[in-house]
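# Working through the structure, step by step
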Amino acid sequence: MRSRPKMDGGQCRWADSPGRGRRCTPAEGAVVPGDRGHRGAVGGDIENVRLDAQCTTAGAACPGCGICSTRVHSSYLRFLADAPSAGRSVVLQPRVRRFRCGNTKCPRQTFVEQISGLTRRHGRRTERLRSILTAVGLALAGRAGARLAAVLGMSISRSTVLRLVEALPEPHVPTPRVVGVDEYATRKGRRYGTVLVDVETRRPIDLLPDREASSLAAWLAQRPGIEVVCRDRAPFFAEGAAAGAPQATQVADRWHLWHNLGEAAERAVARHRQCLRVLVPDREAQAEPPAPPEEKADSPWRSERFANRVRARHAIVHALLEAGHSRRSIGRQLRMTHRTVKSLADAAKPEDLFHGQWQHSRNSVLNEYKPYLDERWEEAPTPGSCGRRSSPWAIAAATVGPAPTCERSAPRHGRSPRNRRHPAW
C-alpha cells in the first residue's frame with residue numbers, strides 16, 4: 001500500500017503506511033523520498049511530476065459563519081498546478097474534505113476546507129504559481145507575459161494573465177496634498193472624463209467618468225486633507241473645487257497659462273493684421289528682380305542647346321532613312337529607343353517636336369548654376385575620347401554611317417527596359 005503525504009495545520013508530511021509499501025522503479029519515472037521509517041511515492045513521468053497530499057486537521061471553519069465543524073460530508077481530489085521544478089511541470093493533487101456546517105442559521109449547508117497559503121476557492125493554481133504569474137503580468141502585460149511564462153514552463157494565455165492582474169486589490173493611495181485636475185477624452189469631441197493626479201509624485205490617482213462639477217466636488221469632499229487644487233481654467237472645475245474643497249487654494253497650472261496666452265496673442269494678431277500690413281513696408285515689391293546670369297556665347301547650357309540637339313538628331317535620322325537604313329538599324333546605330341526614332345522620323349521639321357514641357361524657351365532651375373557648369377564643361381574630355389561629351393549621334397553626323405563603338409558595348413535591344421511598380425508589402 002502506498003503512503004500519501006499528509007498535512008498537519010497546513011504542513012505536509014509523509015504518513016506511515018502499514019506493511020511493506022511499494023517502491024516505484026526507475027522505469028516508471030518515480031522518485032522515492034528517503035525519510036527514515038516512512039515510505040511514499042511521487043508519481044510522474046519524464047515531463048510531469050504529481051504530488052499526492054492530504055490535510056490531517058480535525059476540522060475546518062465555515063467561511064459563511066466562521067463556526068468550526070468536524071462533520072465530514074465527503075472528499076474529492078483537486079488538481080493544482082504548481083511552479084515547475086527542474087524543467088518539469090508540477091501538479092499538486094490534494095484530497096480535500098467537504099464538511100457539514102453545524103449552524104442551522106448559516107446559509108451554507110456544506111463547505112470545503114481550504115489550505116492557507118496553498119489553495120483558494122475555485123482555484124486551479126497554487127498561491128505560489130499565482131503570485132509568480134501576477135508579477136510577470138504586472139511587468140510585461142498580456143502577450144509578452146504569456147510568452148515569457150511559456151519559456152519558464154508555465155503555460156498560460158494572455159487573457160488569463162490580464163485577469164490575474166485585474167484581480168489584484170486596488171493599492172491604498174494616501175490623500176494627496178496637491179492634486180491636479182484636468183480632462184481626458186474617451187472619444188474626442190463626444191465623451192470626456194476627469195483625471196486627478198498627485199502633483200508631488202506625478203502619478204495619476206483616479207479617473208472620473210465625466211467632467212461635471214458635482215462629481216469633482218464629491219471626490220474632493222471625501223478627502224479633506226487636500227490643500228492645493230491645480231486645475232484647468234474650465235468653469236465646471238472651478239465650481240467643483242470650490243464646492244468640494246473650500247479650504248484648498250486653487251491655482252492654474254503653467255501649461256494652461258502658456259497655452260491660453262499663446263491663443264490670446266494669436267487672436268490679437270489676427271484682428272490687427274491689416275494694421276501690421278500698413279506699418280511694415282512691402283519688401284518684396286521694392287526688391288529688384290535678380291539679373292539673370294550671364295552666359296557664354298558657346299555655352300552648351302544656353303536656351304538653344306536643346307533645340308540645336310533636336311535639330312541635329314532630326315537631320316541625322318532623316319539622312320539615314322534616305323540612305324536606306326531601317327528604323328531598327330538607326331536605333332541600334334544611334335542608341336535610341338524605337339519610340340524616339342519614330343517621333344524623329346514622323347516629324348516633318350524639328351519645330352514640330354517643340355511642345356509641352358520640351359519647349360526650349362522655358363526657364364530652368366539650372367540658371368544660377370550655369371556659369372559653374374560652363375567651367376566644368378570646358379574641363380570635360382574631347383569628343384573623340386568616348387567621354388562624357390562624346391555622343392553617338394554627333395559622330396554619325398560626320399560619317400552618316402554606323403556609329404563607332406566605345407569600350408562599353410551597345411545594348412542588344414534598342415528599347416531600354418521600363419521602371420515597373422512593385423507592390424508594397
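To keep things clear, this report deals only with the structure shown in the data block. (Residues numbered from 1 in each chain as written. Predicted model: local features only at pLDDT ≥ 70, side-chain atom pairs only at ≥ 80, totals over all residues. Heavy atoms only, no water.)

## Remarks on the pattern of salt bridges
Our working definition: Salt bridges are counted wherever a side-chain nitrogen of Lys or Arg sits within 4 Å of a carboxyl oxygen of Asp or Glu. Secondary structure elements are defined from DSSP: runs of H or I of at least 4 residues count as helices, runs of E of at least 2 residues count as strands, and each element is numbered from the N terminus. In this scheme, a residue with accessible area under 20% of its type's maximum is buried, one over 50% is exposed, and one in between is partly exposed, where area comes from a 1.4 Å probe on protein chains only.
For the coordinates displayed, the defined rule picks out 10 salt bridges. Across the pair Lys342 and Asp346 runs a salt bridge whose closest N-O atoms are separated by 3.0 Å. Remark: Asp346 and Lys342 occur in helix 10 (residues 338-346); sequence separation between them is four residues, near one turn of the helix. For Lys342, a relative accessible area of 41% gives the class partly exposed. Under the relative-accessibility criterion, Asp346 is labelled partly exposed at 44%. Close ionic contact of Arg376 with Glu379 constitutes a salt bridge, the shortest N to O distance being 3.0 Å. Assessed through its relative accessible area of 57%, Glu379 is described here as exposed. Residues joined in a network through salt bridges with shared partners are Arg177, Glu200 and Glu227.

## Some words on helix 2 (residues 158-166)
Residues spaced three or four apart along an α-helix face the same direction, because each turn holds 3.6 residues. The test is simple: Comment: arc refers to directions from the helix axis out to C-beta atoms. Should any heavy atoms of two residues lie within 4.5 Å, those residues are counted as being in contact.
Within the sequence span of helix 2, burial applies to Thr160, Val161 and Leu164. Angular distribution of buried residues about the axis of helix 2 spans 105°; they occupy a single face of the element. Among the exposed residues of helix 2, those oriented more than 90 degrees off its buried face are Arg163 and Glu166. Tucked inside the fold, the buried residues of helix 2 contact helix 1 (127-151).

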